[in-house]
Amino acid sequence: NNENLRIAERLTLVCELLQSEVAYYDWVGFYFKNGDKPELKLEAFAGEPTDHTIIPFGKGICGQVAVSNANFVVPDVKAQDNYIACSMYVKAEIVIPLFVDGENIGQIDIDSHTPDPFTEEDERFLEFVNQEVAKILA
Ligand code: SME
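Residues numbered from 1 in each chain as written. Predicted model: local features only at pLDDT ≥ 70, side-chain atom pairs only at ≥ 80, totals over all residues. Heavy atoms only, no water.

Caption draft 1: Geometry of the pairing of strand S2 (residues 39-46). Direction of pairing for strand S1 (residues 27-33) relative to S2: antiparallel, over a ladder of six bridges. Each residue of the ladder has a partner; that of Phe-32, found in S2, is Lys-41. Between S1 and S2, which follow one another and run antiparallel, lie five residues, and Gly-35 among them has a positive phi close to 60 degrees. Alignment of S2 against strand S3 (residues 54-56), held across three bridges, turns out to be antiparallel. Looking across to S3, one finds that Lys-41 is bridged to Ile-54. (Pairing = 2+ DSSP bridges. Helix = DSSP H or I, 4+ residues; strand = E, 2+ residues; numbered from the N terminus.)

Written out as structure tokens, the structure reads:
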């Protein structure tokens with residue numbers, strides 16, 4: 001519907017802003033839980049299109065965060081065995097869950113072509129971004 005489209009457009013703007021302003025944010029996307037299905041669905045992104053628009057709970061970094069409800073910082077994607085590769089250029093990834101009324105409803109996912117770029121500052125910043133996004137979803 002119209003309201004969902006408007007939200008997707010606004011999320012896309014958030015992705016584009018983050019990707020253009022932070023040098024080591026090469027791909028930025030929002031995945032959300034897909035209705036009652038045990039899977040995540042890509043709702044908005046900036047960067048190269050990915051084949052992985054649906055991710056089952058438990059699979060990859062994103063799928064693990066859907067069930068752990070915790071931040072997941074990956075300094076070196078090659079060291080992860082439960083990992084879904086989207087691009088051969090990606091060296092590192094950060095996934096931060098997005099909570100509405102205390103419930104994990106989705107996440108922001110960022111890929112970097114720079115090795116080990118993410119710090120606690122990124123975690124705090126992206127938690128803040130997710131809290132702001134939660135306000136437009138509530
Ligand atoms: N690498 C993610 C999949 C999503 S792509 O990064 C866009 C994962 O392992 O869950």
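Caption draft 2: Main features of the confidence of the model for the protein chain. Put simply, the protein chain has an average pLDDT of 97, and 100% of its residues get 70 or more. By mean pLDDT, the top-scoring element of the protein chain is strand S4 (residues 72-74) (99), and the lowest-scoring one is helix H1 (residues 2-21) (94). (pLDDT = per-residue confidence, 0-100.)

Caption draft 3: Geometry of the environment of Phe-57. Note on placement: Phe-57 falls in the loop between S3 and helix H2 (60-68). Classification of Phe-57 as partly exposed rests on a relative accessible area of 28%. Considering only alpha carbons, one finds Phe-57 and Val-67, 10 residues apart in sequence, at a separation of 6.6 Å. In contact with Phe-57, not counting residues within four places along its chain, are Lys-33, Lys-37, Pro-38, Glu-39, Leu-40, Gly-63, Ala-66 and Val-67. (Buried < 20%, exposed > 50% of the residue type's maximum accessible area, 1.4 Å probe, protein only. Contact = heavy atoms within 4.5 Å.)

Caption draft 4: Inspection of the nonpolar core at higher detail. Grouped together as the largest cluster of nonpolar side chains are 23 residues, with contacts concentrated most on Tyr-25, Phe-30, Ile-108, Ile-110 and Leu-126. Contributing elements (two or more residues each) for this core: H1, S1, S2, strand S5 (92-100), strand S6 (103-112) and helix H3 (120-137). The greatest single-element share of this core, amounting to five residues, is contributed by S5. For Ile-108, the contacting residues outside a window of four places in its chain are Leu-18, Val-28, Gly-29, Phe-30, Ile-94, Val-95, Ile-96, Leu-126, Val-129 and Asn-130. Ranked by size, the runner-up nonpolar core spans 16 residues in total, among them Tyr-31, Ile-55, Ile-61 and Val-90. (Core = buried A, V, L, I, M, F, W, Y, C linked by side-chain atoms within 4.5 Å.)

Caption draft 5: Here's a closer look at empty space enclosed by the protein. Within this structure, the stated rule accounts for one cavity of 30 Å³ or more. In this structure, the largest cavity encloses a volume near 100 Å³. Around the largest cavity sit 13 residues that line it, and Ile-55, Cys-62, Ile-84, Glu-93 and Asp-109 are the ones nearest its centre. Counting only elements with at least two residues in the lining of the largest cavity, the list comes to S1 and H2. No other element matches H2, which puts three residues into the lining of the largest cavity. Along the lines of polarity and charge, the residues of the lining of the largest cavity split into eight nonpolar, two polar and three charged. (1 Å grid on protein atoms, 1.4 Å probe; cavity = no way out; pocket = protein on both sides within 12 Å on 5 of 7 lines; lining within 4 Å. Points joined across faces, edges and corners; volume = space filled by probe spheres on them. Nonpolar A, V, L, I, M, F, W, Y, C, P; charged D, E, K, R; others polar.)

Caption draft 6: Fine view of the site of the ligand. As a matter of local geometry, the ligand sits amid Trp-27, Tyr-31, Ile-55, Gly-60, Ile-61, Cys-62, Tyr-83, Ile-84, Cys-86, Glu-93, Asp-109 and Asp-111. Residue Ile-61 places a main-chain N or O atom 2.9 Å away from an oxygen atom belonging to the ligand. A distance of 2.7 Å separates a nitrogen atom of the ligand from a polar backbone atom of Ile-84. With the chains in place, 100% of the 310 Å² that the ligand exposes on its own is no longer accessible. Those elements that place two or more of their residues in the shell around the ligand are S1, H2 and S6. Ranked by residues supplied to the shell around the ligand, first place goes to H2 with three residues. Tallied by class, the residues present in the shell around the ligand amount to eight nonpolar, one polar and three charged. (Near = heavy atom within 4 Å. Polar contact = N/O pair within 3.5 Å; in protein donor to acceptor, adjacent residues only side chain to side chain. Areas by Shrake-Rupley, 256 points an atom, 1.4 Å probe, with all protein chains shown as cover.)

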